There are 2 protein chains.
Amino acid sequence: MGQVMSVDPRSGDAIERVAEETSDVEVDRICAAAAAGAEALAATSPTQRAEMLEAMANDLDGRREQLVALADRESALGHARLDGELSRTTGQLRLFAKVLRDGAMFEVVIDHAAGAAPDLRRMLIPLGPVAVFGASNFPFAFSAAGGDTASALAAGCPVVVKAHGAHPALDAAVMETMRRTADAHGQPDAVSIVFGRDAGRRVVEHPAISAVGFTGSESVGRLLMDLAAARERPIPVYAEMGSLNPLIVLPSAARRPGLARDLAGSVTLGAGQFCTKPGLVFLPSGEEGDDIVDALVGSLSAMDAAFLLTEGIRDSFVSHVSDVANAGADLLVAPHPAAGSAVTPGLAQITAAALRTSPRALVECFGPATLVVRYDGIPELLAALRVVPPSLTVSVFADTTAADADEKSTTASLITAAEAQSGRVILNSVPTGVAVTWAQNHAGPYPASSAGGMFTSVGATAVRRFQRPVAYQGMTDEMLPPALRDANPWHLPRRVDGVEVGV
Amino acid sequence: MGQVMSVDPRSGDAIERVAEETSDVEVDRICAAAAAGAEALAATSPTQRAEMLEAMANDLDGRREQLVALADRESALGHARLDGELSRTTGQLRLFAKVLRDGAMFEVVIDHAAGAAPDLRRMLIPLGPVAVFGASNFPFAFSAAGGDTASALAAGCPVVVKAHGAHPALDAAVMETMRRTADAHGQPDAVSIVFGRDAGRRVVEHPAISAVGFTGSESVGRLLMDLAAARERPIPVYAEMGSLNPLIVLPSAARRPGLARDLAGSVTLGAGQFCTKPGLVFLPSGEEGDDIVDALVGSLSAMDAAFLLTEGIRDSFVSHVSDVANAGADLLVAPHPAAGSAVTPGLAQITAAALRTSPRALVECFGPATLVVRYDGIPELLAALRVVPPSLTVSVFADTTAADADEKSTTASLITAAEAQSGRVILNSVPTGVAVTWAQNHAGPYPASSAGGMFTSVGATAVRRFQRPVAYQGMTDEMLPPALRDANPWHLPRRVDGVEVGV
């Protein structure tokens with residue numbers, strides 16, 4: 001089998017051999033162990049499961065220095081950013097512990113027998129073992145211990161992580177910690193890891209696997225969707241595949257203080273390697289828009305080169321920016337490759353009219369660049385927006401106090417249009433930064449995400465992706481699962497005979 | 001184009017020409033109209049939408065005599081059953097009106113700004129136009145005005161129904177009524193109908209369609225799943241594909257009064273054409289089991305022939321029963337074809353040991369027959385259950401008061417095993433009869449249903465199949481949809497800053 005190496009993107013050097021690619025036999029053993037462990041994990045109470053997640057968070061925090069150093073060595077994202085990302089990741093595990101203790105996630109519904117209708121009690125149970133494919137750009141928060149893993153464990157599903165090629169040593173270290181914690185909580189097979197592309201494919205095709213979580217490119221996401229759909233028993237794939245995230249500046253907001261600075265910051269945050277990076281910035285034609293463009297050119301040209309996650313990502317970034325330029329855009333700031341995987345930012349500009357006839361300009365450039373689209377009046381803006389594929393986010397900048405009635409109504413209709421084309425609509429703020437809260441939604445219609453954009457991969461409701469309902473009919477109390485017993489030993493909120501009741 | 005004819009299964013005669021198969025051009029026009037009407041339907045308040053559903057129920061009830069007569073002419077299911085089924089159907093529309101007025105279905109979550117986290121508000125919005133493929137066996141409740149249509153409309157999605165080949169005249173009459181009602185509520189394109197297999201395929205592949213609801217066979221369900229997965233933008237398919245519905249009689253329940261009568265009734269209800277018909281009946285070996293088999297033989301042999309929905313369904317029923325017999329089962333009662341599409345019931349028997357090595361005996365015989373499986377001790381029962389594919393339901397008969405400790409623990413572990421293999425677990429009752437309530441779940445792991453068995457097609461929560469979340473970040477109150485405004489004009493229950501609050 002091939003060897004899995006850890007590469008330093010700053011130098012391009014292979015630093016250590018992490019593992020051998022996982023063999024077919026070993027993948028089968030791991031998936032079978034996950035399946036065998038599923039019943040024990042499913043049988044845990046919400047409190048037990050919450051305690052395990054909290055212990056995982058504490059144990060990862062306990063190895064913070066070592067993990068952040070390893071993550072920086074493999075991603076070059078810098079200590080400060082990675083330290084913050086680990087906090088976000090352990091915070092995520094703790095949020096799902098809260099979601100478990102809250103108990104609404106079990107969606108308990110009890111209908112007592114009435115007339116011809118029998119006693120029926122419904123709850124959500126775990127779907128079964130879940131395969132998780134992490135992202136290059138968030139080595140903690142969307143990787144081995146990230147939101148997919150945390151929400152699957154909260155749902156009660158064992159997780160098989162496929163180590164990411166860009167940070168295999170980190171994934172191995174994270175999973176070693178998680179696995180030790182799981183073991184200490186009596187769930188030795190709740191988490192496991194496989195290495196190598198073939199192993200990843202075999203996991204997705206394995207009969208014991210019930211769902212897939214993925215964060216990454218549209219091409220790989222679609223590949224996993226197609227694999228899962230072609231199985232003898234198809235399974236759901238939750239793929240978050242990134243997007244163009246149109247950001248629209250209306251005339252009333254063009255003079256907003258700090259706008260160009262915020263835009264430049266959002267485009268280059270994490271070296272532009274965010275799924276929510278604004279990849280299309282709609283600015284009005286004329287002097288006000290020109291001033292923003294000038295300020296963007298000034299600040300992006302002045303920036304130092306930043307390391308991308310791998311040399312391959314850097315090369316495809318440079319080639320995608322050049323594809324956009326060749327599709328009818330003017331290259332205002334050309335990105336320049338530097339040492340290792342580093343590159344300087346890029347900026348291109350196109351008219352709204354030209355964008356409509358240049359679908360090839362609608363390429364996601366994963367890295368520090370954006371395409372400014374200049375529109376001449378609202379009808380032209382709306383027409384251009386119609387050719388943009390669905391995204392995770394749409395941002396609208398408008399001065400809703402100063403705007404005239406026409407622009408107010410434009411803002412309202414842009415927000416309605418944005419709902420249909422995204423999963424998060426933002427007023428007067430950049431889309432980067434995805435708060436991990438109860439209300440968050442990180443999804444969008446295809447190709448932003450799979451499964452009809454019906455489920456978020458960030459925030460409390462992400463857990464619903466890994467659950468399915470079961471109804472119990474005519475049971476005696478002792479034969480019911482604890483969640484559905486009359487005494488409500490898990491203190492869950494319930495809907496009883498059609499009415500929501502608290503705990 | 002081909003002609004769509006209405007056939008009487010009692011005689012096999014074509015009675016009238018219902019329509020021409022819908023042309024490609026017309027399908028495109030219908031789907032585009034549904035898409036164009038989607039925004040107006042989505043913008044209705046829960047009350048407006050509930051009123052439209054209630055009016056549809058009233059208008060269908062108003063044409064009851066005519067519709068039931070038409071349904072009987074096309075299905076031969078009899079006036080009493082169809083009259084009851086229409087009541088179930090209009091009751092279903094009224095339940096979804098209640099679900100709308102309750103408001104929890106919008107899943108409103110509000111996080112006020114806190115620290116670095118912005119104000120974020122989430123709700124579920126309609127997915128977009130839905131294609132509905134009804135079933136032969138429930139011409140009302142799982143067809144044009146059935147649960148898929150009712151829940152999609154409740155979610156705020158326009159519906160395009162593909163008329164069923166076994167009852168096209170009824171579907172046309174039902175949709176004419178629904179469309180008139182929708183029109184009167186300002187939603188002329190909320191419901192429409194297409195005829196013919198090619199038209200159905202084109203609807204599933206049409207870019208304006210966002211999801212598919214289907215009730216029918218595994219082969220057609222899988223065909224639609226594969227079509228939808230291969231689209232440029234894949235969409236979810238909710239296919240309820242029927243199943244074997246294992247029913248297990250433990251030794252303590254073998255002398256249960258009326259058991260054989262209840263079993264025979266459940267197997268032959270609606271001429272055995274229920275997705276929840278018990279297709280595998282596990283009985284203990286020995287005298288007690290023999291007595292049940294003798295009683296089943298007696299009552300099934302004494303029954304008159306009943307009409308199946310079409311001659312094609314009758315022919316495949318007879319051939320499936322013979323496949324089971326050829327796969328190692330003993331045919332105790334052979335089904336006999338009669339006039340038109342009629343047939344007498346069938347009964348076969350196999351040992352649990354033989355079933356384990358005869359997967360070809362695990363065929364769904366859609367019609368009035370079942371396969372008795374005789375087991376010799378609990379280990380043999382459990383081993384045989386392991387070869388049975390997942391189902392909509394699993395029923396367990398046990399006398400939980402009289403049973404000894406061993407059998408009690410067997411019952412408990414059978415129930416746990418049944419959870420993993422079905423969507424509804426039933427104690428001491430037959431699986432036919434699916435109450436339309438808040439807690440109902442009519443789904444199961446593939447091949448019982450698609451989408452991981454994550455969504456019911458019956459009961460209040462069916463609406464979640466046709467919704468997706470959107471989060472609104474940093475909005476002013478007037479720019480928010482009404483559901484998320486501070487004043488809560490729609491009186492929806494909400495989770496605010498992590499805590500559920502009533503209305």
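In this text the structure is predicted, and so the values were computed from the model without any measurement.

Concerning the overall build of chain A
Point 1. Across its full length, chain A holds 14 helices and 21 strands.
Point 2. A globule of 503 residues ought to have a C-alpha radius of gyration of about 23 Å, and chain A, at 24 Å, matches this closely.
Point 3. The principal-axis extent of the C-alpha atoms belonging to chain A is close to 75 × 60 × 40 Å.
Point 4. Taken over 503 residues, chain A has a buried fraction of 59%.

A word on the relation of the copies chain B and chain A
Point 1. Once chain B has been moved 0.0 Å along the axis and rotated by 180°, it coincides with chain A to within an RMSD of 0.0 Å. Here the copies are linked by what is in effect a two-fold axis. Rotation axis and chain B: the residue whose C-alpha lies nearest the axis is Ala229(B), separated from it by 3.3 Å.
Point 2. Counting the interface residues of chain B, we find that 97% of their copies in chain A are interface residues as well, pointing to one common contact surface.

A closer look at the pairing of strand β17 (residues 393–397) of chain A
Residue and element names in this part refer to chain A.
Point 1. Of all 5 residues that make up β17, 5 are buried, and the element is covered over most of its length.
Point 2. The two faces of β17 match: Thr 393, Ser 395 and Phe 397 on one face and Val 394 and Val 396 on the other face are all buried.
Point 3. As paired elements, strand β10 (residues 246–249) and β17 share 3 bridges and run parallel to each other. Note on β17: the bridge partner recorded for Val 249 is Phe 397.
Point 4. By the bridge criterion, 4 bridges tie β17 to strand β18 (residues 424–427) in an arrangement that is parallel.

Topic: the interface of chain B and chain A
Point 1. In this complex, chain B contributes 61 residues to the contact, which on the side of chain A involves 59 residues.
Point 2. Of all the secondary-structure elements, those providing two or more residues to the side of chain B that touches chain A are β3 (108–111), β4 (120–126), α8 (218–229), α14 (405–421), β18 (424–427) and β19 (467–473) of chain B.
Point 3. The leading source of residues in the side of chain B that touches chain A is β19(B), at 6 residues.
Point 4. Considering only residue class, the side of chain B that touches chain A consists of 34 nonpolar, 18 polar and 9 charged.

Observations concerning α14(B)
Point 1. End to end, α14(B) covers 24 Å across 17 residues, agreeing with the expected 24 Å (1.5 Å per residue, within 8%).
Point 2. Within the sequence span of α14(B), burial applies to Thr410(B), Thr411(B), Leu414(B), Ile415(B), Ala418(B), Glu419(B) and Gln421(B).
Point 3. Where the residues of α14(B) are buried, they touch β4 (120–126) and β19 (467–473) of chain A together with β10 (246–249), α13 (378–385), β17 (393–397) and β18 of chain B.

Things to note about the domain arrangement of chain A
All names here are of chain A.
Point 1. Its domain assignment divides chain A into domain 1 (26–102 + 124–241 + 449–468) and domain 2 (246–427).
Point 2. Just the C-alpha atoms count here: the centres of domain 1 and domain 2 sit 32 Å apart.
Point 3. The interface of domain 1 with domain 2 comprises 9 residues on the first partner and 9 residues on the second.
Point 4. Along the lines of polarity and charge, the residues of the side of domain 1 that touches domain 2 split into 3 nonpolar, 4 polar and 2 charged.

Describing the sheet that holds strand β5 (residues 130–133) of chain B
All names here are of chain B.
Point 1. Strand order across the open sheet formed by 5 strands is β7-β6-β5-β8-β9, with parallel pairing between neighbours. Edge strands, defined here as strands with exactly one partner in the open sheet, are β7 (191–194) and β9 (237–240). On average, adjacent strands in this sheet sit at an angle of 15° to one another, irrespective of strand direction.
Point 2. Contacts from helix α1 (residues 24–42) reach β6 (159–162) and β7, with the element oriented near 165° to β7.
Point 3. Where α8 meets the sheet, its contacts fall on β5, β8 (211–215) and β9, and the angle it forms with β9 comes to roughly 170°.

Structural notes on the packing of helix α9 (residues 259–268) of chain A against helix α10 (residues 287–301) of chain A
All names here are of chain A.
Point 1. Following both chains from N to C, one finds α9 and α10 inclined at 45°, their axes separated by 9 Å at the closest point. Between α9 and α10, the crossing angle belongs to the class labelled oblique. Handedness of the crossing formed by α9 with α10: right-handed. Facing Leu 259, Ala 260, Arg 261, Leu 263 and Ala 264 of α9, the residues of α10 in contact are Ile 292, Ala 295, Leu 296, Ser 299 and Leu 300.

A few points about the sheet that holds strand β6 (residues 159–162) of chain A
Residues and elements named next belong to chain A.
Point 1. The sheet built from 5 strands is open, its strands ordered β7-β6-β5-β8-β9 with parallel pairing. Looking at strand neighbours, the two that pair on one side only are β7 (191–194) and β9 (237–240), the edges of this open sheet. On average, each strand axis in the sheet is inclined to that of its neighbour by 15°, with strand direction left out of account.
Point 2. Along the sheet, helix α1 (residues 24–42) makes contact with β6 and β7, crossing β7 at roughly 165°.
Point 3. With respect to the sheet, helix α7 (residues 197–205) is in contact with β5 (130–133), β6, β7 and β8 (211–215), its orientation differing from that of β6 by roughly 150°.

Digging into the confidence of the model for chain A
Point 1. Here chain A shows a mean pLDDT of 96. Residues at 70 or above account for 100%.
Point 2. The ipTM for the predicted assembly is 0.97, set against a pTM of 0.97.

As for the packing of helix α2 (residues 46–62) of chain A against helix α6 (residues 168–184) of chain A
Residue and element names in this part refer to chain A.
Point 1. Between α2 and α6, whose axes approach to 9 Å, the crossing angle comes to 140°. The orientation of α2 relative to α6 falls into the category oblique. Crossing of α2 against α6: the hand is right-handed. Here Met 52, Ala 55, Met 56, Asp 59 and Leu 60 of α2 lie close against α6, whose contacting residues are Val 174, Thr 177, Met 178, Thr 181 and Ala 182.

Concerning helix α8 (residues 218–229) of chain A
Along an α-helix, residues three or four positions apart point the same way, because every turn accommodates 3.6 residues.
All names here are of chain A.
Point 1. With 12 residues, α8 ought to run about 16 Å at 1.5 Å a step, and its terminal C-alpha atoms sit 16 Å apart, in line with that.
Point 2. Every buried residue belonging to α8 is among Gly 221, Leu 224, Met 225 and Ala 228, and all of these are buried. Looking straight down α8, one finds its buried side chains confined to an arc of 100°; they lie on one side.
Point 3. Buried residues along α8 sit against β5, α7, β8 and β9.

Some thoughts on unusual backbone geometry
Point 1. In this structure, the amide linkage connecting Tyr446(A) to the following residue, Pro447(A), adopts the cis form with an omega of 10°.
Point 2. Note that Pro447(A) resides in the loop between β18 and β19.
Point 3. Even without being glycine, Asp497(A) reaches a positive phi, approximately 50°.
Point 4. Tracing the backbone through its elements, the reader meets Asp497(A) in the loop between β20 (494–496) and β21 (499–501).
Point 5. The class of Asp497(A) is partly exposed, set by 13 C-beta atoms lying within 10 Å.
Point 6. We note that Glu107(B) has phi near 45°; this positive angle belongs to a residue other than glycine.

Some thoughts on the environment of Ala166(B)
Residue and element names in this part refer to chain B.
Point 1. Mapped onto the elements of the fold, Ala 166 is located in the loop between β6 and α6 (168–184).
Point 2. As for Ala 166 and Glu 51, which are separated by 115 residues in sequence, their C-alpha atoms are 31 Å apart.
Point 3. Leave out the neighbours within four places in its chain, and Ala 166 touches Glu 74, Ser 75, Ser 136, Leu 309 and Thr 310.

Conventions and cut-offs
Residues numbered from 1 in each chain as written. Chains lettered and ligands numbered in written order. Predicted model: local features only at pLDDT ≥ 70, side-chain atom pairs only at ≥ 80, totals over all residues. Helix = DSSP H or I, 4+ residues; strand = E, 2+ residues; numbered from the N terminus. Rg over C-alpha atoms; globule rule 2.2 N^0.38 Å. Buried ≥ 20, exposed ≤ 12 C-beta atoms within 10 Å, placed from the backbone. Least-squares fit on C-alpha atoms with pLDDT ≥ 70 in both. Contact = placed C-beta atoms within 7 Å. Pairing = 2+ DSSP bridges. Nonpolar A, V, L, I, M, F, W, Y, C, P; charged D, E, K, R; others polar. Expected span 1.5 Å × (residues − 1). Domains from an automatic or database assignment. Axes fitted to C-alpha atoms, helices over the stretch in contact; angles between N-to-C directions. Parallel < 35°, antiparallel > 145°, perpendicular 65-115°, else oblique. Left-handed = near helix turned anticlockwise from the far one by under 90°. pLDDT = per-residue confidence, 0-100. Arc of directions from axis to C-beta.

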